[in-house]
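Close look at the chain arrangement
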Amino acid sequence: MAPIRVLFLCHLNSGRTLMAEAYLRRLGRGLFEAASAGFSSAVPGPLVIEVMREANFDLSARPAADVRDLIREHPPFHYVITTCSPELFGEVPAFPGEVARQHWGFPDPALITGSPEERLAAARTIRDDIRAQVIRFVHELTL
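Residues numbered from 1 in each chain as written. Predicted model: local features only at pLDDT ≥ 70, side-chain atom pairs only at ≥ 80, totals over all residues. Heavy atoms only, no water.

1. Some remarks on unusual backbone geometry
- With a phi angle near 55 degrees, R29 is a residue other than glycine that sits in the positive phi range.
- Topologically, R29 is positioned in the loop between α1 (16-27) and β2 (32-38).
- Phi at N56 takes a positive value of approximately 70 degrees, unusual for a residue other than glycine.
- Topologically, N56 is positioned in the loop between α2 (46-54) and α3 (67-73). (Helix = DSSP H or I, 4+ residues; strand = E, 2+ residues; numbered from the N terminus.)

Have a look at this one:
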């Protein structure tokens, strides 16, 4: 059986999308092919790198992908999942073939404020919420 192709999409592809992609790759039991992209590129922020390192992922050298390149260079996706503000959902470009669209809204780790400990705790919460949503997604599609 061919893998279910999933694209996680956000404006910058620098945090939430990378986390979701990493977790789907790890937890998808080989049934999914995950990618992440944005409308513009940025490197993962230090909070994202740190909290993902705690979960045994290294995103420090992860290049950000541009969604336009993925559309041109990859086979069609089965799911496109936005991970940022609901406004982005309407900006998702047309994709070849039939694609199911979902929105998983998570706070932006780059906008977290507070002390270093508070920022780290908030980033961990975002990471853990993304992991939980990926687990639900995998469970729903593989029952």
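Moving on from the coordinates now.
2. Observations concerning the sheet that holds strand β4 (residues 100-103)
- In space, the four strands of this open sheet follow the order β2-β1-β3-β4, with parallel pairing throughout. Each edge of the open sheet carries a strand with a single partner, namely β2 and β4. Sheet twist, expressed as the mean angle between neighbouring strand axes with direction ignored, is 20 degrees.
- In this sheet, β2 lies alongside strand β1 (residues 4-10) in parallel orientation, the contact comprising seven bridges. By the bridge assignment for β2, V6 is matched with A34.
- Here α1 sits on the sheet and contacts β1 and β2; the angle it forms with β2, its principal contact strand, is near 170 degrees.
- Sitting on the sheet, helix α5 (residues 116-142) is in contact with β1, β2, β3 (79-82) and β4, with an inclination near 135 degrees to β2. (Pairing = 2+ DSSP bridges. Axes fitted to C-alpha atoms, helices over the stretch in contact; angles between N-to-C directions. Contact = heavy atoms within 4.5 Å.)

3. Observations concerning the environment of P109
- With respect to the helices and strands, P109 occurs in the loop between β4 and α5.
- Along the chain, P109 and I49 lie 60 residues apart, while their C-alpha atoms are 11 Å from each other.
- Setting aside residues up to four positions removed in sequence, P109 forms contacts with R16, M19, L47, V48 and I126.

4. Considerations on the side chain of Q133
- Relative to the elements of secondary structure, Q133 occurs in helix α5.
- A distance of 2.8 Å separates polar atoms of two side chains, one belonging to Q133 and the other to R136.
- Dropping the residues within four chain positions of it, Q133 is found in contact with W104 and F106. (Polar contact = N/O pair within 3.5 Å; in protein donor to acceptor, adjacent residues only side chain to side chain.)

5. Points about the nonpolar core
- By size, the foremost hydrophobic cluster in this structure holds 30 residues, and its most contacted members are V6, F8, L24, M52, V134 and F137.
- If one sorts the elements of this core by residue count, α5 sits on top with seven residues.
- If near-sequence neighbours (up to four positions away) are discounted, V6 is found in contact with L24, F32, E33, A34, A35, F77, Y79, I81 and F137.
- Counting 10 residues, the second-largest nonpolar core is a separate cluster that includes L9, A35, A37 and L70. (Core = buried A, V, L, I, M, F, W, Y, C linked by side-chain atoms within 4.5 Å. Buried < 20%, exposed > 50% of the residue type's maximum accessible area, 1.4 Å probe, protein only.)

6. Overview of the packing of aromatic side chains
- Enumeration according to the criterion identifies five aromatic pairs in this entry.
- An angle of 70 degrees between the planes, with centres 5.5 Å apart, marks the rings of W104 and F137 as edge-to-face. Residue W104 is located in the loop between β4 and α5, and its partner F137 is located in helix α5; the two are separated by 33 residues in the primary sequence. A single burial state applies to W104 and to F137, both of which are buried.
- Across the ring face of F57, the terminal group of R26 is positioned such that the distance to the ring centre comes to 3.6 Å. (Phe/Tyr/Trp six-rings, centres within 6.5 Å; stacked < 30°, edge-to-face > 60°. Lys NZ or Arg CZ within 6 Å of the ring centre and 35° of its normal.)

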